[in-house]
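Structural overview for review
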Amino acid sequence: MNAGQNSNEMNQTSVGRDLYARDLLLGYAILAPSCYNTQPWKFAADDKEIKIFADEARWLKVADADQRELYISIACALENLLIAAEHFGYSHRVSHSEDEKAVVVQIGFSGKSSTFRGQELFEAIKIRHTNRKRYQIRPIPSETLALLQDVCIEDGIMIKMAEDEETKEKMSDLVSQANALMFSNPAFRKELGHWYGQGAFGSPLLISKICQMLITQFDLGKLQAKNDSKTLMSASVLAMVCSEKNERSTQVQAGQVFERIWLKATALGISLQPMTQVLRVPDLKKEAASLFSCSDDYPQQIFRLGYA
Ligand SMILES: Cc1cc2nc3c(=O)[nH]c(=O)nc-3n(C[C@H](O)[C@H](O)[C@H](O)COP(=O)(O)O)c2cc1C
C-alpha cells in the first residue's frame, strides 16, 4: 500500500464521517414544530453545507398568505440543527440566500464549536411538543421567566410577556374574532380540513377523515373560539415574539428565538402552545401588537405558557 492509497482512504473515511454527521443533524432538524404540522422544509446538503428551502407545496396559502408561518417553521428546524451541531461539537455559520430563497448553514466538522446553545436545549428537542390542554392556575416564578427571556440574544428581536387577566381577556376576544372570520371562509376550512385529513394533528386515520369532513362542511368557529378562550385564560403567561424589521431573515431569527424559548420552557417543565389565529388577520394583528406594547414593531409569534 502506498502513501497515495493511505490518504485516499483517510479522505473517504472523513467524507463518510461528515455525511453521517450531516444526516444526524438533519434528524434533529425535522423534529421541529411547524404550522399545522406541514413540515414545510426541504434540505439540500453536501459534506460542507446544508441549505434549507421553503417547500411551497406545503405552504398554507389561505391561512398563511404572507408566508410568515412558513418561515417561522423553517427557522425552528434551523434552530434545532444549530443546537445539534453545537452538541456534537461542529461549528456553523448561517447566511441567507435571497436568490435561492434559502437559509444556508455552513457546517465545520473540525472547527471550534460555539457553546451558546446549552445541553438542556439539545435534550429537549426530542420531548418538546405542543400542549393544547388547559394549564394549571399557577404563576411561573419571575426568575424562571427571566431564564426564558435570556434565550433571546438577537438584536432587534424582543420577547414580550403578559400575566394579567385584562390582557388575557382582551386577547381571548381577539382570538374569538379571528376564529369567526377564518372559519366563515370555506377556503380556510378546506385547507385546514385537508391537513386534518392527512393525519397532521396525530389522530388515527378514521378520526382524521371525520374531522376533515366536519371542518370542511361546517363553520365550527364558535366552538373553536370557546375552546381557545378556555385554554388561553388558563395560561400563566401570554407571550409574543416581535421584531423591529419584517424581512425574511428577521422572521427567521424571530423563529429561532421562538424555538429556543420552546425548548428552554420544555427543559424547565413548562408547557407551550402557539396561538397564531390573531396574526392571520391584519387588523387584529395590529390590536394584538398594541396589547403587548409593540405597535411600532412586527409581531411574529404569539404563544401561551403554563404548567400542564
Ligand atoms: C409557526 C407555527 C404556528 C403554529 N400555530 C399553532 C396554533 O395556532 N395553534 C396550535 O395549537 N398549534 C400551533 N402550532 C403547533 C403545530 O401545530 C405543531 O408544532 C405541529 O402540529 C407538530 O406538533 P408538535 O409541536 O407537538 O411536535 C404552530 C407551530 C408553528 C411552528
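Residues numbered from 1 in each chain as written. Predicted model: local features only at pLDDT ≥ 70, side-chain atom pairs only at ≥ 80, totals over all residues. Heavy atoms only, no water.

The end-to-end C-alpha separation of helix 8 (residues 221-233) is 18 Å, in line with the 18 Å expected for 13 residues at 1.5 Å each. Those residues of helix 8 that sit buried are Gly221, Ala225, Asp228, Thr231 and Leu232. Down the axis of helix 8, the sector holding all buried residues measures 135°, keeping them to one side. Of the exposed residues in helix 8, those oriented more than 90 degrees away from the buried face are Lys222, Leu223 and Lys226. Taken together, the buried residues of helix 8 touch helix 5 (165-183), strand 6 (237-243), strand 7 (271-274) and strand 8 (298-306). (Helix = DSSP H or I, 4+ residues; strand = E, 2+ residues; numbered from the N terminus. Expected span 1.5 Å × (residues − 1). Buried < 20%, exposed > 50% of the residue type's maximum accessible area, 1.4 Å probe, protein only. Arc of directions from axis to C-beta. Contact = heavy atoms within 4.5 Å.)

With that settled, consider the packing of helix 5 against helix 8. Put simply, helix 5 and helix 8 touch, their axes get as near as 9 Å, and they point 160° apart. One finds that helix 5 runs roughly antiparallel with respect to helix 8. Viewed along their axes, helix 5 and helix 8 form a crossing whose handedness is right-handed. Side by side, helix 5 and helix 8 meet where Glu165, Lys168, Glu169, Met171, Ser172, Val175, Ser176, Asn179 and Phe183 of the first sit next to Gly221, Gln224, Ala225, Asp228, Ser229, Leu232 and Met233 of the second. A per-class count over the contact of helix 5 with helix 8 returns six nonpolar, six polar and four charged. (Axes fitted to C-alpha atoms, helices over the stretch in contact; angles between N-to-C directions. Parallel < 35°, antiparallel > 145°, perpendicular 65-115°, else oblique. Left-handed = near helix turned anticlockwise from the far one by under 90°. Nonpolar A, V, L, I, M, F, W, Y, C, P; charged D, E, K, R; others polar.)

Domain annotation of the protein chain identifies domain 1 (3-117) and domain 2 (142-184 + 219-306). The C-alpha centroid of domain 2 is placed 26 Å from the C-alpha centroid of domain 1. Buried surface at the junction of domain 1 and domain 2, both sides included, amounts to about 1800 Å², of which 61% is carbon and sulfur. Contact with domain 2 buries surface across domain 1, with Arg68, Ile72 and Phe116 losing the most and accounting together for 32% of the total. At the junction of domain 1 with domain 2, the criterion picks out two salt bridges. Taken together, the connections running from domain 1 to domain 2 amount to five residue pairs in polar contact (both at pLDDT 80 or more). Of the residues forming the side of domain 1 that touches domain 2, the biggest block, eleven residues, is contributed by helix 2 (residues 68-87). Within the side of domain 1 that touches domain 2, the residues separate by chemical class into 13 nonpolar, three polar and five charged. (Domains from an automatic or database assignment. Buried area = accessible area lost by both parts, 1.4 Å probe. Salt bridge = Lys/Arg side-chain N within 4 Å of Asp/Glu carboxyl O. Polar contact = N/O pair within 3.5 Å; in protein donor to acceptor, adjacent residues only side chain to side chain.)

A separate point is helix 9 (residues 248-267). With 20 residues, helix 9 extends 29 Å from end C-alpha to end C-alpha; this agrees with the ideal 28 Å at 1.5 Å per step. Backbone geometry just after helix 9 places Gly269 at a positive phi near 80°.

What follows is about the sheet that holds strand 5 (residues 157-162). If you trace the four strands from one edge of the open sheet to the other, you get 5-6-8-7, paired in antiparallel fashion. Two strands bound the open sheet, and with one partner strand each, they are strand 5 and strand 7. Across this sheet, the average inter-strand angle for adjacent strands is 25°, counted without regard to direction. Both strand 7 and strand 8 contribute to a ladder of four bridges, which runs antiparallel. Among the inter-strand pairings, Leu272 is bridged to a residue of strand 8, identified as Leu305. (Pairing = 2+ DSSP bridges.)

Turning to the sheet that holds strand 1 (residues 41-45), a few remarks are in order. Here we have four strands laid out as an open sheet, ordered 1-2-4-3, and antiparallel in their pairing. Each of the sheet's edge strands pairs with one partner strand only, and the pair in question is strand 1 and strand 3 (91-97). For this sheet, the mean angle separating the axes of adjacent strands, direction not counted, is 20°. Sheet topology note: the strand 1/strand 2 (residues 49-54) ladder contains five bridges and is antiparallel. In the strand pairing of strand 2, Ala44 is matched with Lys51. Contacts between helix 2 and the sheet are confined to strand 1, strand 2, strand 3 and strand 4 (102-108), with strand 2 contributing the most and set at about 160° to the helix.

Ranked by internal contacts, the top residues of the largest apolar core, which has 55 residues, are Leu81, Ile107, Phe258, Ile261, Phe303 and Leu305. Broken down by element, this core gets its largest block of residues, 13 residues, from helix 2. Two domains share this core, each providing at least three of its residues, namely domain 1 (3-117) and domain 2 (142-184 + 219-306). Contacts of Leu305, omitting those with residues within four sequence positions, involve Tyr135, Ile140, Leu148, Ala235, Ser236, Val237, Ala265, Ile270, Ser271 and Leu272. (Core = buried A, V, L, I, M, F, W, Y, C linked by side-chain atoms within 4.5 Å.)

Scanning the entire structure with this criterion turns up 13 salt bridges. The residue Arg68 makes a salt bridge to Glu69 at a minimum N-O spacing of 3.6 Å. Here Glu69 falls in the buried class, since its relative accessible area comes to 3%. Taking the shortest distance from any N to any O, the salt bridge between Lys264 and Glu120 comes out at 2.8 Å. Here Glu120 lies in helix 3 (residues 119-125) and Lys264 lies in helix 9, a separation of 144 residues in the sequence.

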